[in-house]
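# Structure at a glance
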Amino acid sequence: MRSLFLFLLLAAGTRAADLKVGIIGLDTSHVIAFTDLLNNTSNPHHVPGVHVVAAYRGGSPDVDASRTRIDKFTEQLTTKYGVKLLPDIASLAAQVDAVLLESNDGRKHLEQVKPVFAAKKPVFIDKPLASTYADAKEIVRLGKQSGAPWFSSSSRRFAASTKSVMGPGILGVFVWGPAPLEPHHQMELSWYGIHDVEGLYTLMGTGCETVSNMSTPDADLVVGRWKDGRIGTVRCGRGPGSNKSGSIVFRADGSRPAPPEDESAYAALLIEVVKFFQTGVPPVSPEETLEIHAFMDAAQRSKDAGGAPMKLLH
């Protein structure tokens, strides 16, 4: 009822009180970028409606990107933004209206989301949903069992560049971007290639049946065949010249490249997150997010098998 009340107030043009949001995992730059967009009204891309008030530190000592950055991000969050640190996730969930699960280690997400589901608080789970397809399936199952609303997404889904080439009649898509690896993530693309796969699914939709991965030390070239015969391709680069992202869509009247992404991509994502927190309606279905992880799982199995086509698991 509270979510419905907030939605009606917003629809009527009346400003409701900001929702209180807590963050789980302070080992990613998203923590600072998102908090500034949500809490700092002078930010030119400020997203109103929620306020970050509390956080649980988390962290993964065996992941360099976590271990070497978590102290800096924790200090910034508490000193610059006055966010209160709490000792455990259950305490966090009890004090806030909604949760941003930001831990950059996908291995942590299943255990960390359980107390949030138990508290029945809406939660955005930052990319990747999980580091394995099995964990992703379990999160989907527990979310459904608890009735707590959730969604997961890369900011690439809502970026203006992606939206500019969306629409009917897409016959195929080629997406590319950087995809460095992290040795503890079993599905290698889940660490950073998730951005590219999310972009692919935003444009192609669900329905992929088989995946082949032709891999070299510098890149993975992943080709998916959809059940309607369409083909979607992702190039996840790690070598020289792999620092840029892009996409091309193919329609009957020709191909069309997407323009470069701009700095408003995070704000575009947070607009959807805030709307979700206010209404409880996720902009991305659990089924689509699960298929994205099944796609990455199939890509990993194909890579391990020397490029042999692999069916998506269900």
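These remarks concern the structure in this document. Everything numeric in this text was worked out from a predicted model, so none of it was measured.

About the cut-offs
- Residues numbered from 1 in each chain as written.
- Predicted model: local features only at pLDDT ≥ 70, side-chain atom pairs only at ≥ 80, totals over all residues.
- Heavy atoms only, no water.
- Helix = DSSP H or I, 4+ residues; strand = E, 2+ residues; numbered from the N terminus.
- Buried < 20%, exposed > 50% of the residue type's maximum accessible area, 1.4 Å probe, protein only.
- Areas by Shrake-Rupley, 256 points an atom, 1.4 Å probe, with all protein chains shown as cover.
- Lys, Arg positive; Asp, Glu negative; His and termini not counted.
- Charge placed at Lys NZ, Arg CZ, Asp CG, Glu CD.
- Polar contact = N/O pair within 3.5 Å; in protein donor to acceptor, adjacent residues only side chain to side chain.
- Contact = heavy atoms within 4.5 Å.
- Pairing = 2+ DSSP bridges.
- Axes fitted to C-alpha atoms, helices over the stretch in contact; angles between N-to-C directions.
- Phe/Tyr/Trp six-rings, centres within 6.5 Å; stacked < 30°, edge-to-face > 60°.
- Core = buried A, V, L, I, M, F, W, Y, C linked by side-chain atoms within 4.5 Å.
- Parallel < 35°, antiparallel > 145°, perpendicular 65-115°, else oblique.
- Left-handed = near helix turned anticlockwise from the far one by under 90°.
- Nonpolar A, V, L, I, M, F, W, Y, C, P; charged D, E, K, R; others polar.
- Arc of directions from axis to C-beta.

Counting secondary structure elements, the protein chain contains eleven helices and 13 strands. Each of the three principal axes of the protein chain carries a C-alpha extent, and together these read 50 × 45 × 40 Å. A burial count over the protein chain gives 53% of its 314 residues as buried. Within the structure as shown, the protein chain displays about 13700 Å² of accessible surface, and the carbon and sulfur contribution to it stands at 57%. Across the protein chain, the mean location of the 33 positive side-chain charges is 3 Å away from that of the 33 negative side-chain charges.

Of note, Asn-213 is situated in strand β8 (residues 208-216). Of note is the side chain of Asn-213, whose polar atom sits 3.2 Å from the backbone oxygen of Ala-299. When neighbours within four sequence positions are excluded, Asn-213 is seen to be in contact with Asp-220, Leu-221, Val-222, Ala-299, Ser-302, Lys-303 and Gly-307.

What follows is about the sheet that holds strand β7 (residues 172-178). Spatially, β12-β11-β7-β10-β9-β8-β13 is the arrangement adopted by the seven strands of the open sheet, whose pairing is mixed. The outermost strands of the open sheet, each flanked by one partner alone, are β12 (254-257) and β13 (310-311). Sitting on the sheet, helix α9 (residues 194-204) touches β7, β8, β9 (219-226), β10 (231-237) and β11 (246-251), and the angle it makes with β7 is about 160 degrees. Along the sheet, helix α11 (residues 286-304) makes contact with β8, β9 and β13, crossing β8 at roughly 45 degrees.

Okay, the packing of aromatic side chains next. Scanning the entire structure with this criterion turns up eight aromatic pairs. Aromatic side chains Phe-151 and Phe-276 sit 5.2 Å apart centroid to centroid with 85 degrees between the ring planes, which places their arrangement in the edge-to-face category. Of this pair, Phe-151 sits in strand β6 (residues 150-153) while Phe-276 sits in helix α10 (residues 265-279); the two residues are 125 residues apart in sequence, bridging distant segments of the chain. Phe-151 sits in the buried class, given a relative accessible area of 0%.

On to the sheet that holds strand β1 (residues 19-24), then. The sheet built from six strands is open, its strands ordered β3-β2-β1-β4-β5-β6 with parallel pairing. One side of each edge strand has no neighbouring strand; the edge strands of this open sheet are β3 (84-85) and β6. Summarising the sheet, strand β5 (residues 123-126) and β6 pair through four bridges and their orientation is parallel. For Ile-125, the partnering residue across the bridge sits in β6 and is Ser-152.

The next subject is the nonpolar core. Membership of the largest hydrophobic core comes to 52 residues, with the highest contact counts inside it found for Val-123 and Phe-295. Not counting residues up to four positions away in its chain, the partners in contact with Phe-295 are Val-197, Leu-200, Tyr-201, Cys-208, Val-211, Val-222, Gly-224, Trp-226 and Leu-312. Among the nonpolar cores identified, the runner-up in size contains 32 residues, and Phe-34, Leu-38, Phe-73 and Val-83 belong to it.

The next point concerns the packing of helix α2 (residues 29-39) against α10. Interhelical geometry of α2 versus α10 gives an angle of 70 degrees and a closest axis separation of 10 Å. Considering their axes alone, α2 and α10 lie roughly perpendicular with respect to each other. Like other packed secondary-structure pairs, α2 and α10 cross with a definite hand, here right-handed. Across the interface between the two elements, His-30, Ala-33, Phe-34, Leu-37 and Leu-38 of α2 pack against Tyr-266, Ala-267, Leu-269, Leu-270 and Val-274 of α10. Split into classes, the residues belonging to the contact of α2 with α10 amount to nine nonpolar, one polar and no charged.

Attention now moves to helix α6 (residues 109-119). Taken as a whole, α6 has its buried residues at His-109, Leu-110, Gln-112, Val-113, Val-116 and Phe-117. End-on view of α6: buried residues confined to an arc of 160 degrees, all on one side of the axis.

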